[in-house]
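If you want the building blocks of each chain, they are given just below.
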Amino acid sequence: MALGIVPGAKHPGSGSVRKGTAMSTWYSSSVVEPGLTLVTEPAVHDYFRANVFVLNGRDRNLVVDAGMGLVPLRPALPLDPDRPVIAVATHIHLDHVGGLHEFDERAGPRVSAAGFATMPDALTYAGMFRGFPGAVTRPPFPGWRSEDYRLEPAPLGRALVAGDVVDLGDRSFTVLSLPGHAPDSIGLFDEADGLFFCGDAIYPGGLIDDLPDSDRAAYRATMRLILSLPIRLACGGHGNVMDPETVRMIADDYLHATDRRR
């Protein structure tokens, strides 16, 4: 997808799973840098294929977002078995919460916290995946149908707001409020290191700001906030990780494009 605004497009995610699915053939993983791994679902349509990040901290493992939930996620992740895991959802859209229920310690935005207990279509947009043409290039298991797609409830143990801290022992992340794409969008920023988990607030390949609950004015404010951060590496909800120059280009392009539409 091209950089800029993609009217009417959506990146959704999660659903029914079946035991015995070959996880090793469903997920793809790559090491971003020591201790940080990117996991994706290559067989899922581009609109719904989201990034899952795993960061191994000294005292805890951090999982950021949880994919579509079509195949069990946790066993496919490079988690240190001797350390507890905290899974953080950057927002409640389906492509970010599908496997969240697999983790005992779950955190996500307070704005949508109540919704994680029931995962309603009105908040998750899961209905967009049902019957979507080309939803997957191959089924996750025999007999699978996108029409049967459902999200598992994943009540939050911790509801996050701006200024909260997620501590991994050797490093900590400050929670940032990043509304615009979705009203509940949050990010995690390591102020000491510059590592930024930004969900769908910013990523390469086309930003979505025309969903029923999107807010372009809020998105513009989020872009200005992002431009003010001393980012070293940005890990978005879709596409490749971003260096500071790419982040600036995407944010500037969005501000320029939306300024013309005001």
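Residues numbered from 1 in each chain as written. Predicted model: local features only at pLDDT ≥ 70, side-chain atom pairs only at ≥ 80, totals over all residues. Heavy atoms only, no water.

Before going further, it helps to examine the side chain of Thr-258. The topology assignment puts Thr-258 in helix H4 (residues 244-261). Here Leu-255 takes part through its backbone oxygen, which lies 3.3 Å from a polar atom of the side chain of Thr-258. Every residue in contact with Thr-258, bar those within four places of it in the chain, is listed here: Asp-209 and Arg-220. (Helix = DSSP H or I, 4+ residues; strand = E, 2+ residues; numbered from the N terminus. Polar contact = N/O pair within 3.5 Å; in protein donor to acceptor, adjacent residues only side chain to side chain. Contact = heavy atoms within 4.5 Å.)

This part is about the environment of Arg-58. For Arg-58, the position within the fold is in the loop between strand S3 (52-56) and strand S4 (61-64). Counting along the chain gives 25 residues from Arg-58 to Arg-83, while the straight-line C-alpha distance between them is 8.2 Å. With residues near it in sequence (within four places) discarded, Arg-58 still touches Arg-83, Leu-168, Gly-169 and Asp-170.

Once that is clear, we can look at the nonpolar core. By size, the foremost hydrophobic cluster in this structure holds 61 residues, and its most contacted members are Phe-129 and Phe-196. When residues of this core are traced back to their parent elements, those giving at least two are S3, strand S5 (85-88), strand S11 (195-199), helix H3 (216-227) and H4. Among residues more than four places away in sequence, those in contact with Phe-196 are Leu-176, Leu-178, Gly-187, Leu-188, Phe-189, Ile-226, Leu-229, Ile-231, Leu-233, Ala-234 and Cys-235. In terms of nonpolar packing, the next biggest core, distinct from the first, is built from 20 residues, Phe-53, Ile-186, Leu-188 and Leu-233 among them. (Core = buried A, V, L, I, M, F, W, Y, C linked by side-chain atoms within 4.5 Å. Buried < 20%, exposed > 50% of the residue type's maximum accessible area, 1.4 Å probe, protein only.)

For the coordinates displayed, the defined rule picks out twelve salt bridges. Note that Arg-83 is salt-bridged to Asp-80, the shortest N-O span being 3.3 Å. A relative accessible area of 29% means that Arg-83 is categorised as partly exposed. Judged by its relative accessible area of 22%, Asp-80 falls in the partly exposed class. (Salt bridge = Lys/Arg side-chain N within 4 Å of Asp/Glu carboxyl O.)

The next subject is the sheet that holds strand S7 (residues 158-160). Judged by pairing direction, the sheet is mixed, and its seven strands sit side by side in the order S1-S2-S3-S4-S5-S6-S7 without closing on themselves. The sheet is open, and its two borders are formed by strand S1 (28-33) and S7, each paired with just one other strand. Taken over all neighbouring pairs, the strand axes of this sheet differ in orientation by 20° on average, direction set aside. Here S5 pairs with strand S6 (residues 105-109) via three bridges, running parallel. If you follow Ile-86 over to S6, its bridge partner there is Glu-105. (Pairing = 2+ DSSP bridges. Axes fitted to C-alpha atoms, helices over the stretch in contact; angles between N-to-C directions.)

Taking 1.5 Å as the rise per residue, H3 with twelve residues should run 16 Å; its terminal C-alpha atoms sit 16 Å apart, in good agreement. For H3, the complete set of buried residues consists of Ala-218, Tyr-219, Arg-220, Thr-222, Met-223 and Ile-226. Backbone nitrogen of Ala-217 and a side-chain oxygen of the N-cap are separated by 3.0 Å at the start of H3; the cap is Asp-215. (Expected span 1.5 Å × (residues − 1).)

Our next topic: unusual backbone geometry. In this structure, Met-119 takes a positive phi of about 50° despite not being glycine. Relative to the assigned elements, Met-119 resides in the loop between S6 and helix H2 (121-124). A residue is classified by how much of its surface remains accessible, and Met-119, at 4% relative accessible area, is buried. The phi torsion at Tyr-125 lies on the positive side, around 65°, for a residue other than glycine.

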